[in-house]
Amino acid sequence: MRIHHCQCTNTPTYYEILSLSPSSLSIDADPSTTARLIKRAYRRALLNHHPDKQNPTNNNNNNNNNPTSSSSYTIDQISAAYATLSRPDLRQAYDRALLQQQQQQQLGLSSCCGTRSCSNNGLSTTDFQTGIEIIDLDDLECSTTTTTDADGEEETKWFRSCRCGNPRGYEFGEADLEEAADVGELMVGCVDCSLWLRVQFAVIEEEVEEDEAKNGFGGGAR
């Protein structure tokens, strides 16, 4: 599928937001490989477009030169793109809608410029946004269990109930947080429905904690 920007609006497609091509996410591709590809694209997009990680001077220059530059993508846009493209059923529905809009344009049934990302021709990215709730890590419940391997290490899991009725619909562990530590945000999908949590957290380096303890901060002895 060819995907291009509409001349009537700056609304990008989800593929453009994550800098992915539809062909790279072929339905015949290995699901685990596709999942890793989308996750990498999501994390890369967050790193590239996160307000705290951008150079204001460069962003202003980019925006002036190109109004539809990816530098203008918001965290909400990136999260919505990931929530849709990472679920095979939602991605297929999104692809069908994009293809339908292209066919309508080719038949002259669209009064817009014809690009599928245009909100004037009946399709916009908001049509495919699944429910995404933003929450802080400290607001989630957690439980610690001992692994059954030889080491018997403790494993912490964070979880939360979902509106679909699953008491642990959202669940993730320390490994997931470590993987997303560079962006400070983790997208967690419900195991039973299309709802998502965007978990925000701060990474505190162990060295900083030790220094604070030595200097009488962070609850350490003075």
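Going by the structure above, here's the rest.
Since the model is a prediction, treat every value here as computed from it, not as a measurement.

Novice: Help me get a handle on the overall build of the chain, residues and values and all.
Specialist: Across its full length, the chain holds seven helices and six strands. Counting all 222 residues of the chain, 39% fall into the buried class. Total accessible area on the chain stands at roughly 13000 Å², and carbon and sulfur atoms take up 44% of it.

Novice: Got a sec to walk through the packing of aromatic side chains? Specific residues and values, please.
Specialist: Ring pairs (aromatic) are described by centroid distance and by the angle formed between their planes. All chains considered together, the criterion is met by five aromatic pairs. Ring plane angle 70 degrees and centroid distance 5.5 Å describe the contact between Tyr82 and Trp196, whose orientation is recorded as edge-to-face. Note that Tyr82 is positioned in helix H4 (residues 75-85) and Trp196 in strand S6 (residues 196-200), a separation of 114 residues in sequence. Overall, the relative accessible area of 8% leaves Tyr82 in the buried class.

Novice: Describe in detail the sheet that holds strand S5 (residues 185-189), supporting the description with residues and values.
Specialist: Read across the sheet, three strands follow the order S1-S6-S5 without closing on themselves; strand pairing throughout is mixed. Strands with a single pairing partner mark the edges of an open sheet, and in this sheet they are strand S1 (132-136) and S5. Looking at each pair of strands side by side, their axes are set apart by 25 degrees on average, direction ignored. With five bridges joining them, S5 and S6 adopt antiparallel strand pairing. Bridged to Val188 within S6 is Leu197. On the sheet, H4 packs against S1, S5 and S6 and is oriented at approximately 135 degrees with respect to S6.

Novice: Now, about the pattern of salt bridges: what can you tell me, with residues and values included?
Specialist: In this structure the tally under the stated criterion is six salt bridges. For the salt bridge of Arg168 with Glu171, the shortest nitrogen-to-oxygen distance reads 2.5 Å. One continuous salt-bridge network, built from bridges that share partners, spans Asp76, Glu185 and Arg198.

Novice: Can you lay out the pairing of S6 for me, pointing to particular residues and giving the numbers?
Specialist: Within S6, four of the five residues are buried, which leaves the element mostly enclosed by the surrounding structure. In this structure, S1 lies alongside S6, joined through five bridges in parallel fashion. Paired with Ile134 across the strands is Arg198, a residue of S6. The turn linking S5 back onto S6 is made up of six residues.

Novice: Pulling in residues and values, what's your account of the side chain of Arg87?
Specialist: Considering the arrangement of structural elements, one finds Arg87 in the loop between H4 and helix H5 (88-106). The buried charged residue Arg87 lacks any salt bridge partner; its closest oppositely charged side chain belongs to Asp89, at an N-O distance of 5.7 Å.

How each quantity is defined
Residues numbered from 1 in each chain as written. Predicted model: local features only at pLDDT ≥ 70, side-chain atom pairs only at ≥ 80, totals over all residues. Heavy atoms only, no water. Helix = DSSP H or I, 4+ residues; strand = E, 2+ residues; numbered from the N terminus. Buried < 20%, exposed > 50% of the residue type's maximum accessible area, 1.4 Å probe, protein only. Areas by Shrake-Rupley, 256 points an atom, 1.4 Å probe, with all protein chains shown as cover. Phe/Tyr/Trp six-rings, centres within 6.5 Å; stacked < 30°, edge-to-face > 60°. Pairing = 2+ DSSP bridges. Axes fitted to C-alpha atoms, helices over the stretch in contact; angles between N-to-C directions. Contact = heavy atoms within 4.5 Å. Salt bridge = Lys/Arg side-chain N within 4 Å of Asp/Glu carboxyl O. Lys, Arg positive; Asp, Glu negative; His and termini not counted.

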